[in-house]
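Descriptive structure summary
Single-letter residue listing:
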Amino acid sequence: MGKKNFKKKGGKTLQERKQELKEASRALGAKNAAKKKASSCPDYTIDQLLDKTQQLIDEFQYELAQKFCQRALEKDPDNVRALETSGILLLELGNVEAAKQCFGRAVEVCPESGFSKYMYLGQIFQGAQAVDCFQKGIELMLKEKGEKETQEVAAACRGSNEGPSDRDISNAYCSVAELYLTDLCCEEGAEERCEENVEKAVSLDPNNPEALQLKASFLLSKEKLDEAKEIIKHSVSLWLPQLQAEDKCEGDDEEFDPVESCPLSYNTRMQSAKILIEVGEYELATEILELLLDEDEDVPDVWYMLGWANYLQGPDFVVNARHYLTKAKKVYTKGEHEDEELLQHVTELLQELGPGDGEEESEPEGNGEELEIESFR
């Protein structure tokens, strides 16, 4: 037989194929090493995941915090702490519907303990539904507070930050009262229920400025001007002096932060100024409004209230009124605002005051003392 002639296959050389096998082997080794590393990673508990979530919340890293919280929910979809934490994060991220579902599920899983979920739902819902949530939250807070008072040793071990404080419960009563003062004001018995909850809020924490401020609003709605004036001045005296003192401190390396110095939100302090204007305490209102401008000068309502307060003080304050109202109109026009009534009133007041001599473009100087505000006493 003749010798067979085998033709060499075309393509890669033997050396190239050996090199490919070597690289494939290295890749497989790396893949196995990665698997081994993954399997050796600790399986974090739900509490560890939620502790990390809370740490990220404190650092305002809400989206990353939500990922850790979601991991906890994957482990236990009905974990109440994870559900409530996820609800809080979803609110921060603007997803109100999803937050409502989380809090709602937490209520289904654990309806008779843990007041926080009811308080958040009270903020999400409106009208009578909100009242029901707040009242259930108050019921649970009072229950928990009573349990703590009968277990002094255990409470001491847990620390003073555990559980609801009198201020927490007082604020909850305020939330109910405010609903009857606004959204539910036309309901039968709304006035009585509002007053009842206001009195409970003040009685439980007599030094709660928000409770006192709400009482002043209620008294104004009853046209009890003198009583409202005394109450709102007392309310403001509980937080304004400290805010003033820290605002005037010089030489501190850290920038002044009113959020840390005052228990009241920006909008609540703005409401304080509004009530003060209604009861004729213009100077005190102006002082609060000027501090609010230091925090954010792009809020047209603050400029408007400054203009309105000066307008109400008569001819000697016309220059100041015109300045603030002109600024209010500019800020309103520059931003995205929807309060047409405010803009209309500002326009009417400016038309009444007239164009002036261009002084509204400069900082108001007054006629000597109208902008010289004494420290609150």
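Calculation rules
Residues numbered from 1 in each chain as written. Predicted model: local features only at pLDDT ≥ 70, side-chain atom pairs only at ≥ 80, totals over all residues. Heavy atoms only, no water. Helix = DSSP H or I, 4+ residues; strand = E, 2+ residues; numbered from the N terminus. Expected span 1.5 Å × (residues − 1). Buried < 20%, exposed > 50% of the residue type's maximum accessible area, 1.4 Å probe, protein only. Axes fitted to C-alpha atoms, helices over the stretch in contact; angles between N-to-C directions. Parallel < 35°, antiparallel > 145°, perpendicular 65-115°, else oblique. Left-handed = near helix turned anticlockwise from the far one by under 90°. Contact = heavy atoms within 4.5 Å. Nonpolar A, V, L, I, M, F, W, Y, C, P; charged D, E, K, R; others polar. Salt bridge = Lys/Arg side-chain N within 4 Å of Asp/Glu carboxyl O. Patch = residues over 30% accessible without salt bridge, like charges linked within 9 Å, V, L, I, M, F, W, Y side chains within 5 Å. Areas by Shrake-Rupley, 256 points an atom, 1.4 Å probe, with all protein chains shown as cover. Lys, Arg positive; Asp, Glu negative; His and termini not counted. Charge placed at Lys NZ, Arg CZ, Asp CG, Glu CD. Polar contact = N/O pair within 3.5 Å; in protein donor to acceptor, adjacent residues only side chain to side chain.

1. Focus: helix 7 (residues 127-149)
With 23 residues, helix 7 ought to run about 33 Å at 1.5 Å a step, and its terminal C-alpha atoms sit 33 Å apart, in line with that. Every buried residue of helix 7 is listed here: Gly 127, Ala 130, Val 131, Cys 133, Phe 134, Lys 136, Gly 137, Ile 138, Leu 140, Met 141, Lys 145 and Lys 148.

2. Some points on the packing of helix 16 (residues 282-295) against helix 17 (residues 300-312)
Interaxial distance between helix 16 and helix 17 falls to 10 Å at its minimum, and their mutual angle equals 155°. Relative to helix 17, the element helix 16 is oriented roughly antiparallel. In the crossing of helix 16 with helix 17, the sense of the turn from one axis to the other is left-handed. Touching Tyr 282, Thr 286, Leu 289, Glu 290, Leu 292 and Leu 293 of helix 16 are Val 302, Trp 303, Met 305, Leu 306, Ala 309 and Leu 312, all from helix 17. Here the residues of the contact of helix 16 with helix 17 are counted per class, giving ten nonpolar, one polar and one charged.

3. What to know about the environment of Thr 286
Summarising the element assignment, Thr 286 is placed in helix 16. Sequence-wise, Thr 286 and Leu 276 are ten residues apart; in three dimensions their C-alpha atoms are separated by 9.1 Å. Here Thr 286 is in contact with Leu 306 and Ala 309, once residues within four sequence places are set aside.

4. Section: the pattern of salt bridges
Taken as a whole and judged by the stated rule, the model has 17 salt bridges. Where Lys 100 meets Glu 97, a salt bridge forms, and the shortest distance between an N and an O atom there is 3.2 Å. On the criterion of helical spacing, the pair formed by Lys 100 and Glu 97 is a turn pair, its members being three residues apart in helix 5 (residues 96-109). Taking the relative accessible area as the measure of exposure, Lys 100 reaches 24% and is therefore partly exposed. The closest approach of N and O atoms between Asp 205 and Arg 167, which form a salt bridge, is 2.4 Å. Of this pair, Asp 205 sits in the loop between helix 10 (190-204) and helix 11 (209-221) while Arg 167 is found in helix 9 (residues 166-181), placing the two residues 38 residues apart along the sequence. Bridged by salt links that share partners, the residues Asp 47, Asp 51 and Arg 81 form one connected network.

5. Observations regarding a negative patch on the surface
Judged by side-chain charge, Glu 336, Glu 338, Asp 339, Glu 340 and Glu 341 come together as a negatively charged surface patch. Mapped onto the elements of the fold, Glu 338 is located in the loop between helix 18 (318-334) and helix 19 (340-353). What makes Glu 338 exposed here is its relative accessible area of 76%.

6. Focus: the packing of helix 6 (residues 116-124) against helix 7
The geometry of helix 6 relative to helix 7 is characterised by a closest axis approach of 8 Å and an angle of 160° between their N-to-C directions. In terms of axis orientation, helix 6 runs roughly antiparallel to helix 7. Where helix 6 crosses over helix 7, the handedness of that crossing is left-handed. Here Tyr 118, Met 119, Leu 121, Gly 122 and Gln 123 of helix 6 come into contact with helix 7, specifically with Ala 130, Cys 133, Phe 134, Lys 136, Gly 137, Leu 140 and Met 141. Tallied by class, the residues present in the contact of helix 6 with helix 7 amount to eight nonpolar, three polar and one charged.

7. Let's talk about the side chain of Arg 322
Here Arg 322 is to be found in helix 18. Within the structure, Arg 322 has its side chain in polar contact with the backbone oxygen of Leu 353 (distance 2.9 Å).

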